[in-house]
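# Examining the three-dimensional arrangement
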Amino acid sequence: MYVKEVSVQNQVGLHARPATFFIQKANEYKSSIWVEKEDRRVNAKSLLGVLSLGIMGGTPIRIIADGSDEQQAVDSLVKLVESGFKG
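We now examine the packing of aromatic side chains. In total, this model carries zero aromatic pairs according to the counting rule given. Geometry around Trp34 places Arg41 over its ring, the cationic atom sitting 5.7 Å from the centre.

And the structure:
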């Protein structure tokens, strides 16, 4: 299991478009991946799950992965969040 915390950089947070980019990136990996905000954890490969967290700009989230490519998965998702979802 590999975990990193990151603050969402873009002002609008993880609404539909950035969430779609996030899920597409998560789906490139074999590992199970979750996003955690406060005490709620959802599947990072689920659009409804990610949107249900209501992540706003400036919110700290944890990205957690478990599997053969867990470190690459978390690191690439953290990089995407830090870039403001600019790829």
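From this point, the narrative continues.
Of note, Glu38 is a non-glycine position whose phi angle comes to about 55 degrees, a positive value. Here Glu38 shows up in the loop between strand 2 (32-37) and strand 3 (40-43). Exposure remark for Glu38: the relative accessible area of 70% places this residue in the exposed category.

This part is about the side chain of Ser31. On the secondary structure map, Ser31 appears in the loop between helix 1 (16-26) and strand 2. In this structure the side chain of Ser31 is engaged in a polar contact, spanning 2.5 Å, whose partner is the side chain of Asp69. Beyond its immediate chain neighbours, meaning those up to four positions away, Ser31 contacts Lys45, Ala65, Asp66, Gly67, Ser68, Asp69 and Glu70.

Right, let's get into the pattern of salt bridges. Two side chains with opposite charge may pair up if their charged atoms get near one another. Within the structure shown, the criterion is met by four salt bridges. The salt bridge involving Lys25 is made with Glu28; its shortest N-O contact spans 3.6 Å. Owing to a relative accessible area of 25%, Lys25 belongs among the partly exposed residues under this scheme. Residue class for Glu28 comes out exposed when judged on its relative accessible area of 54%. With a closest N to O distance of 3.0 Å, Glu36 and Arg41 form a salt bridge. Relative accessible area serves as the criterion here: at 43%, Arg41 is assigned to the partly exposed category. If you follow the salt bridges from partner to partner, you end up with Glu36, Arg41 and Arg62 in one network.

A separate point is the nonpolar core. Counting residues in each nonpolar core, the largest one holds 25 residues, and the members touching the most others are Leu14, Phe22, Ile33, Val35 and Ile63. When contributions to this core are tallied by element, the ones reaching two or more residues are helix 1, strand 2, strand 4 (60-66) and helix 3 (70-82). With six residues, helix 3 is the largest single contributor of residues to this core. Residues in contact with Val35, not counting those within four places in the same chain, are Phe22, Arg40, Arg41, Val42, Ala44, Leu53, Ile55, Ile61 and Arg62.

Thresholds applied
Residues numbered from 1 in each chain as written. Predicted model: local features only at pLDDT ≥ 70, side-chain atom pairs only at ≥ 80, totals over all residues. Heavy atoms only, no water. Phe/Tyr/Trp six-rings, centres within 6.5 Å; stacked < 30°, edge-to-face > 60°. Lys NZ or Arg CZ within 6 Å of the ring centre and 35° of its normal. Helix = DSSP H or I, 4+ residues; strand = E, 2+ residues; numbered from the N terminus. Buried < 20%, exposed > 50% of the residue type's maximum accessible area, 1.4 Å probe, protein only. Polar contact = N/O pair within 3.5 Å; in protein donor to acceptor, adjacent residues only side chain to side chain. Contact = heavy atoms within 4.5 Å. Salt bridge = Lys/Arg side-chain N within 4 Å of Asp/Glu carboxyl O. Core = buried A, V, L, I, M, F, W, Y, C linked by side-chain atoms within 4.5 Å.

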